[in-house]
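Report on the structure
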Amino acid sequence: VSLFSQVSEQPALLRPLLVPIIEAVQRTLRERGQPLFDALARPATVQQILKEPYFDADMVTDELVDVLLTPLLQPGSADVVFDTLSYSAAPLH
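A brief report on the enclosed structure follows.

1. Notes on the packing of aromatic side chains
Counted according to the given criterion, the structure contains 1 aromatic pair. Considering the side-chain rings of Phe 37 and Phe 82, the 6.1 Å spacing of their centres and the 75° angle between planes classify their relative orientation as edge-to-face. With Phe 37 in helix α2 (residues 34-40) and Phe 82 in helix α5 (residues 77-89), this pair connects stretches of sequence that are 45 residues apart. Among the residues examined, Phe 37 registers a relative accessible area of 10% and is labelled buried. Judged by relative accessible area, Phe 82 falls into the buried class, the value being 5%.

2. What about the environment of Gly 33?
Here Gly 33 shows up in the loop between α1 (15-32) and α2. Residues Gly 33 and Asp 79, spaced 46 residues apart in sequence, show a C-alpha to C-alpha distance of 9.0 Å. Those residues in contact with Gly 33, other than ones at most four positions away along the chain, are Thr 28 and Phe 82.

3. Quick look at the side chain of Ser 77
Structurally, Ser 77 is set in helix α5. On the basis of relative accessible area, Ser 77 is assigned to the buried category, the value being 10%. The contact partners of Ser 77, leaving out residues within four places of it in the chain, are Phe 37, Pro 71 and Leu 72.

4. Considering the layout of surface pockets
As a volume, the largest pocket reaches approximately 450 Å³. Around the largest pocket, the lining comprises 16 residues; the ones closest to its centre are Phe 37, Leu 40, Leu 72, Val 81 and Leu 85. Among the secondary structure elements, those contributing two or more residues to the lining of the largest pocket are α2, α3 (43-51), α4 (62-72) and α5. By residue number, the principal contributor to the lining of the largest pocket is α5, which donates 4 residues. When its residues are assigned to classes, the lining of the largest pocket shows 15 nonpolar, 1 polar and no charged.

5. Digging into the environment of Gln 74
If you trace the backbone, Gln 74 turns up in the loop between α4 and α5. Of the polar contacts made by the side chain of Gln 74, one reaches the backbone oxygen of Thr 70; its length is 3.4 Å.

Rules of the game
Residues numbered from 1 in each chain as written. Predicted model: local features only at pLDDT ≥ 70, side-chain atom pairs only at ≥ 80, totals over all residues. Heavy atoms only, no water. Phe/Tyr/Trp six-rings, centres within 6.5 Å; stacked < 30°, edge-to-face > 60°. Helix = DSSP H or I, 4+ residues; strand = E, 2+ residues; numbered from the N terminus. Buried < 20%, exposed > 50% of the residue type's maximum accessible area, 1.4 Å probe, protein only. Contact = heavy atoms within 4.5 Å. 1 Å grid on protein atoms, 1.4 Å probe; cavity = no way out; pocket = protein on both sides within 12 Å on 5 of 7 lines; lining within 4 Å. Points joined across faces, edges and corners; volume = space filled by probe spheres on them. Nonpolar A, V, L, I, M, F, W, Y, C, P; charged D, E, K, R; others polar. Polar contact = N/O pair within 3.5 Å; in protein donor to acceptor, adjacent residues only side chain to side chain.

In structure tokens:
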């Protein structure tokens, strides 16, 4: 699942408008996204986010949250997340 639809899948007329917007979001995430990442990379927040797509919210256990959150708490992980989001929106620039 990407933050934006692939640019190449958009009508040709929209691409010149979308590319600068996507690049601005990518740049902003890389330069100023750490506070947002820090706010979201918390057990209660991850648990709440995971409960949205789960049919049975009881399946979102502390162990599941820990398995997903632990790698996100490693140094440099925010950069990896932002690069992944950026790449899923469009190729990195």
